[in-house]
Amino acid sequence: MPTVPSLVMNNGIEIPQLGFGVFLVPPEETEKAVADALSAGYRLIDTAQGYGNEEGVGAAIAAAGIPREDLFITTKLTNSEHGYDTTLAAFDESMKKLGLEVLDLFLIHWPLPMFDRYVETWRAFERLVADGRVWSIGVSNFEIQHLERLLAETDVTPCLNQIELHPEFPQDELREFHAKHGILTESWGPLGQGKGLLENQHILDVARRHGRTPAQVVLRWHIQLGNVVIPKSVQPERIRENIDLFDFELDEDDMQAIAQVRTGQRLGADPNYFDRR
Ligand code: NAD
């Protein structure tokens, strides 16, 4: 079974550099998909209140019999629950569904700047850490100006920011800001969400050079950038393929070839305008 390296967050806690995402995995398929991921060696599982599948994640964890300290479970506050008391109540709900005493990482899913509540929400996140309910807290889809506000107005620096990131949209500016402030970068949509990235000629060329699949080359690129990466698949062979990354390395020419893929275009929503609750 591959051993996944860890990165150390700004609170001294380690996070596996590769995890398993369950966005759009139907609730009834989630337990099996997570069980397959755990048997393949994944220890970080990334879910969200909004995915509607936290119970399936909890069931797979309970059945796996893996020591709790070896697992790293992330969930995210859903958009409708921004605010201090609503955050605390939504957190309790997640913990029931996941069947956990303490969560590893809780994220604000989207900043929703048009409602201007993420600072208040973050105060509730700080309270959850102080109360020993969660080890680490972070954000998702935050842009530089949103992070700057948290840094200026609150006490705890987010451990990481989970953002859309892949070779077409490599987020250089935000990654630089994260590095300067000790915030890890976690890539969502790392494989380009099945929308053509894995058929790009530059990616195919690098894959052929290494005798690897396009998905492995792209995931290896994330690892070498220093990102935490959370690919999703429900197919057992792809789940195993996506963790089999730690016995080859891309060289400078490969990294340059992958850089050619950049379009600068997002595949998902723009966090400045995304307001769905
Ligand atoms: P992804 O880039 O991981 O793409 C998943 C798709 O890629 C699969 O459905 C499949 O079609 C394809 N795929 C997977 N493995 C493959 C392989 N080995 N070969 C060929 N094709 C393969 O996209 P994602 O699921 O959107 O992102 C990963 C995770 O990130 C999610 O599951 C979720 O946990 C998280 N996420 C977070 C946010 C957020 O707003 N914070 C948004 C989207 C996703």
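Reading the values: rules and limits
- Residues numbered from 1 in each chain as written.
- Predicted model: local features only at pLDDT ≥ 70, side-chain atom pairs only at ≥ 80, totals over all residues.
- Heavy atoms only, no water.
- Buried < 20%, exposed > 50% of the residue type's maximum accessible area, 1.4 Å probe, protein only.
- Helix = DSSP H or I, 4+ residues; strand = E, 2+ residues; numbered from the N terminus.
- Pairing = 2+ DSSP bridges.
- Right-handed = clockwise from strand over helix to strand, strands pointing away.
- Contact = heavy atoms within 4.5 Å.
- Core = buried A, V, L, I, M, F, W, Y, C linked by side-chain atoms within 4.5 Å.
- Arc of directions from axis to C-beta.
- Salt bridge = Lys/Arg side-chain N within 4 Å of Asp/Glu carboxyl O.
- Phe/Tyr/Trp six-rings, centres within 6.5 Å; stacked < 30°, edge-to-face > 60°.

Overview of the pairing of strand 8 (residues 160–164)
Part 1 of the argument: With respect to burial, strand 8 is a largely interior element, five of its five residues being buried.
Part 2 of the argument: The pairing of strand 7 (residues 134–140) with strand 8 spans two bridges and is parallel. Counterpart to serine 140 in the pairing with strand 8 is glutamine 162.
Part 3 of the argument: In this fold, the crossover linking strand 7 to strand 8 by way of helix 5 (residues 144–153) has right-handed handedness.
Part 4 of the argument: Looking at chain direction, strand 8 and strand 9 (residues 184–188) are connected through five bridges and run parallel. Across the sheet, residue asparagine 161 finds its bridge partner in strand 9, namely threonine 185.
Part 5 of the argument: Crossover connection from strand 8 via helix 6 (residues 172–181) to parallel strand 9: handedness right-handed.

Concerning the environment of aspartate 244
Part 1 of the argument: As for its placement among the helices and strands, aspartate 244 is situated in the loop between helix 9 (236–241) and helix 10 (252–259).
Part 2 of the argument: Not counting residues within four places of it along the chain, the set of residues in contact with aspartate 244 comprises Pro2, Arg212 and Gln216.

With respect to the nonpolar core
Part 1 of the argument: If you look at the biggest cluster of nonpolar residues, it comprises 69 residues, and the most contacted ones within it are Phe20, Val34, Tyr42, Ile73, Leu103, Phe106 and Leu250.
Part 2 of the argument: Within the second largest apolar cluster, 12 residues are counted, among which are Leu7, Leu107, Leu184 and Ile230.

Structural notes on the pairing of strand 9
Part 1 of the argument: Of all five residues that make up strand 9, five are buried, and the element is covered over most of its length.
Part 2 of the argument: Both faces of strand 9 are covered, namely the face carrying Leu184, Glu186 and Trp188 and the face carrying Thr185 and Ser187.
Part 3 of the argument: As judged from the two bridges shared by strand 9 and strand 10 (residues 228–229), these two strands associate in the parallel manner. Across the sheet, the residue bridging to glutamate 186 is valine 228, located in strand 10.

As for helix 5
Part 1 of the argument: Every buried residue of helix 5 is accounted for by Ile144, His146, Leu147 and Leu150. With its buried residues spanning 165 degrees around the axis, helix 5 presents them on a single face.
Part 2 of the argument: The secondary structure elements touched by the buried residues of helix 5 are helix 4 (118–130), strand 7, strand 8 and helix 6.

Brief notes about the pattern of salt bridges
Part 1 of the argument: All told, the structure shown has 17 salt bridges when counted by the stated rule.
Part 2 of the argument: With its nearest N and O atoms 2.7 Å apart, the salt bridge here joins arginine 68 to aspartate 104. With arginine 68 in the loop between helix 2 (54–64) and strand 5 (72–77) and aspartate 104 in strand 6 (residues 103–108), this pair connects stretches of sequence that are 36 residues apart.
Part 3 of the argument: Taking relative accessible area as the criterion, arginine 68 reaches 28% and is therefore assigned partly exposed.
Part 4 of the argument: Assessed through its relative accessible area of 9%, aspartate 104 is described here as buried.

With respect to the packing of aromatic side chains
Part 1 of the argument: Taken as a whole, this structure holds seven aromatic pairs when the rule is applied.
Part 2 of the argument: Between phenylalanine 106 and phenylalanine 125, the ring centres sit 4.4 Å apart and the planes meet at 10 degrees, which makes this aromatic pair stacked. Here phenylalanine 106 is found in strand 6, whereas its partner phenylalanine 125 is found in helix 4, with 19 residues between them in sequence.
Part 3 of the argument: The class of phenylalanine 106 is buried, set by a relative accessible area of 0%.
Part 4 of the argument: Measuring from ring centre to ring centre gives 5.6 Å for tryptophan 122 and phenylalanine 125, while their planes differ by 20 degrees; the resulting arrangement is stacked. With tryptophan 122 and phenylalanine 125 both in helix 4, this residue pair falls three residues apart, about one helical turn.
Part 5 of the argument: Accessibility expressed as a relative area gives 0% for phenylalanine 125, which makes it buried.

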